[in-house]
Amino acid sequence: MTDVAKLTAPSLDDLAAIAEAELKRLRPALGRYIDGVPIQVAEFPDDEVLQEMGCETPFDLLGLYTGGSFLTEQRGETGTMPAMIFLYRRPLLDYWCENGDSLRHVVRHVLIHEIGHHVGLSDDDMDRIEASVPD
């Protein structure tokens, strides 16, 4: 059996561990926005999320920020959902296979963009943050 035949796709737990490690690496650039925000990894977004986001297929969405604002202190306020970042395993793995970047790089890119879009960072700001964290 060749080494390639022994390869298995990263599990939900594997992807969660990668995401947590990348979030720690992003702490110097994004710390105040990510403190206490958990990451949840699922195989795919649910049908409601797909519909809300206008996705044509379950593979269209790699990640999603949900819940209260990173910008306010009211994240745990009654009546608001807690802040959370979702990563979607199967779409991430498909993107990774098609793209050629390391899986860590893909996860980091998605995390930066989910956080960045939510807090109003420009694409240039997100590109600078991404460039500041070496592979």
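The paragraphs below set out a description of the structure included in this document. Note that the structure is predicted; figures quoted are calculated from it, not measured.

1. Some points on the overall build of the protein
For the protein, the count of helices and strands is six helices and three strands. Scanning the protein from its N terminus toward the C terminus, one meets helices and strands in the order α-α-β-α-β-β-α-α-α. A buried classification covers 37% of the 135 residues belonging to the protein. Within the structure as shown, the protein displays about 8,000 Å² of accessible surface, and the carbon and sulfur contribution to it stands at 51%.

2. Focus on the packing of aromatic side chains
For the structure shown, the criterion picks out two aromatic pairs. Taking 5.0 Å as the distance between ring centres and 85 degrees as the angle between the ring planes, the aromatic pair formed by Phe44 and Phe59 counts as edge-to-face. One end of the pair, Phe44, is in the loop between β1 (39-42) and α3 (47-53); the other, Phe59, is in the loop between α3 and β2 (63-66), with 15 residues separating them in the sequence. For the ring pair Phe86 and Tyr88, a centre distance of 6.3 Å and an interplane angle of 5 degrees mean the geometry is stacked. The class for Tyr88 is buried, based on a relative accessible area of 3%.

3. Structural notes on the pairing of β1
Where burial is concerned, the two faces of β1 differ: the one with Ile39 and Val41 is buried and the one with Gln40 and Ala42 is not. The pairing of β1 with strand β3 (residues 84-88) spans four bridges and is parallel. In the sheet register, Val41 faces β3, and the bridge partner there is Leu87.

4. As for the nonpolar core
A general tendency of soluble globular proteins is for nonpolar side chains to be buried together. Among the nonpolar cores identified, the biggest contains 29 residues, and Leu30, Ile39, Leu87, Val107 and Leu111 are the most heavily contacted of them. Excluding residues that lie within four positions of it along the chain, Leu111 makes contacts with Ala19, Glu22, Leu23, Leu26, Ile39, Ile85 and Leu87. Of all hydrophobic cores here, the second largest spans six residues; its members include Val49, Leu50, Leu64 and Tyr88.

5. Re a negative patch on the surface
Taken together, the side chains of Asp46, Asp47, Glu48 and Glu52 present a region of like negative charge at the surface. Among the secondary structure elements, Asp46 is positioned in the loop between β1 and α3.

6. Comments concerning the side chain of His113
By secondary structure assignment, the location of His113 is in helix α5 (residues 103-119). His113 gets classed as buried once you look at its relative accessible area, which sits at 15%. Filtering out sequence-adjacent residues up to four positions away, His113 remains in contact with Asp123, Met126 and Glu130.

Rules used in this analysis
- Residues numbered from 1 in each chain as written.
- Predicted model: local features only at pLDDT ≥ 70, side-chain atom pairs only at ≥ 80, totals over all residues.
- Heavy atoms only, no water.
- Helix = DSSP H or I, 4+ residues; strand = E, 2+ residues; numbered from the N terminus.
- Buried < 20%, exposed > 50% of the residue type's maximum accessible area, 1.4 Å probe, protein only.
- Areas by Shrake-Rupley, 256 points an atom, 1.4 Å probe, with all protein chains shown as cover.
- Phe/Tyr/Trp six-rings, centres within 6.5 Å; stacked < 30°, edge-to-face > 60°.
- Pairing = 2+ DSSP bridges.
- Core = buried A, V, L, I, M, F, W, Y, C linked by side-chain atoms within 4.5 Å.
- Contact = heavy atoms within 4.5 Å.
- Patch = residues over 30% accessible without salt bridge, like charges linked within 9 Å, V, L, I, M, F, W, Y side chains within 5 Å.
- Salt bridge = Lys/Arg side-chain N within 4 Å of Asp/Glu carboxyl O.
- Lys, Arg positive; Asp, Glu negative; His and termini not counted.
- Charge placed at Lys NZ, Arg CZ, Asp CG, Glu CD.

Keep in mind that these numbers describe shape and distance, not what the molecule does.
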